[in-house]
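Each chain, written out:
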Amino acid sequence: MPVLSGLVCVHNEEARLAECLQRLAFCDEIVVVADRCTDRSEAIARKMGARVVSGIFPVEGLRKTAGVEACRGDWIVELDADEAVTPALALEIRETVARADAADWYQVPVDNFVGEQLVRHGWGGSFGASSVARLFRKGVKSWKSERVHPGTTFAGVYGGRLNNAILHKVDDDIADMVQRLNRYTALRGQDLADSGKIKSLWDDLFRGVRRFCKCYVSRKGYKEGDMGFLIAVMAGLYPLLSNLKAREIRALTRVQTARSGGGAVIGLEIEDARLGHSV
């Protein structure tokens, strides 16, 4: 029987980590990566029998990689602290990895909740996902060096999409959703500023309009009423706000460089707060 590892990366998630780990009890081991935690997250993880990797990971891709390296299993199921595995999904995962003809990685559906409201339609555009690649053999999935929603690559055979969904408490309410947009675009803006790959505002404005239309029309966000419209607006604003914040960071960096007498560029730090949300 293949060994299955559960992997959770957290930053100050004491309020919901216990429930997430309880739902991973079907795994043979649980690994928790604690990134600069100042609350009880590490203590909760250890109390529940998880192995803890503690450190400073300013880039999300690095902490994901550290977590995978710490896993001892043949297979890994990856969760965020605001997600939970249902009993039906747990059974399906176990049956999938036990098959002799199992592929190397699988997509898993996601049921996204805003408060108590299940929102099935309209997710996308770096602001949410209705399906995620969270079940994979160790060594198959890798992440780019990015602060938020790092790009991923897979080596191996894709096995399709499972039937049962991860439960994702994506936001508490509209205010929480707006705060999440602010966090995500701040981190994305820093990535863009560091790379220098800042497009014109018109390019990202056009991208934003396309994303709105894709989420609201193609992905049927209109079926969710006001919430579907709001999600499409957030997805559309994401590239534009990220662009504007990148420009602001570059401008501040130039000012600080000038004030330092033309010496080395002074890095700007942006708080990496609650990176536990999925795409």
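So, how was this worked out
Residues numbered from 1 in each chain as written. Predicted model: local features only at pLDDT ≥ 70, side-chain atom pairs only at ≥ 80, totals over all residues. Heavy atoms only, no water. Pairing = 2+ DSSP bridges. Helix = DSSP H or I, 4+ residues; strand = E, 2+ residues; numbered from the N terminus. Right-handed = clockwise from strand over helix to strand, strands pointing away. Salt bridge = Lys/Arg side-chain N within 4 Å of Asp/Glu carboxyl O. Buried < 20%, exposed > 50% of the residue type's maximum accessible area, 1.4 Å probe, protein only. Patch = residues over 30% accessible without salt bridge, like charges linked within 9 Å, V, L, I, M, F, W, Y side chains within 5 Å. Areas by Shrake-Rupley, 256 points an atom, 1.4 Å probe, with all protein chains shown as cover. Lys, Arg positive; Asp, Glu negative; His and termini not counted. Charge placed at Lys NZ, Arg CZ, Asp CG, Glu CD.

Time to look at the pairing of strand E3 (residues 51-55). Alignment of strand E2 (residues 29-35) against E3, held across five bridges, turns out to be parallel. The residue of E3 that forms the bridge with Val32 is Val52. Handedness of the E2-helix H2 (residues 41-47)-E3 crossover: right-handed.

The next point concerns the pattern of salt bridges. A side chain of one charge can pair with a side chain of the opposite charge if their charged atoms are brought near each other. Here the structure, examined in full by the defined rule, presents 20 salt bridges. Among the ionic pairs, Arg94 bridges to Asp28, the shortest N-O distance being 2.9 Å. Note that Arg94 is positioned in helix H4 (residues 87-98) and Asp28 in the loop between helix H1 (17-22) and E2, a separation of 66 residues in sequence. Between Asp101 and Arg99 there is a salt bridge; the shortest N-O distance is 3.2 Å. Asp101 sits in the exposed class, given a relative accessible area of 60%. Assessed through its relative accessible area of 40%, Arg99 is described here as partly exposed.

Relative to the helices and strands, Asp176 resides in helix H5 (residues 174-195). Taking relative accessible area as the criterion, Asp176 reaches 7% and is therefore assigned buried.

Taken together, the side chains of Lys199, Arg210, Lys214 and Arg219 define a basic patch exposed on the protein surface. For Lys214, a relative accessible area of 44% gives the class partly exposed.

Note that every value here comes from positions in space, so none of it alone points to a role or purpose.
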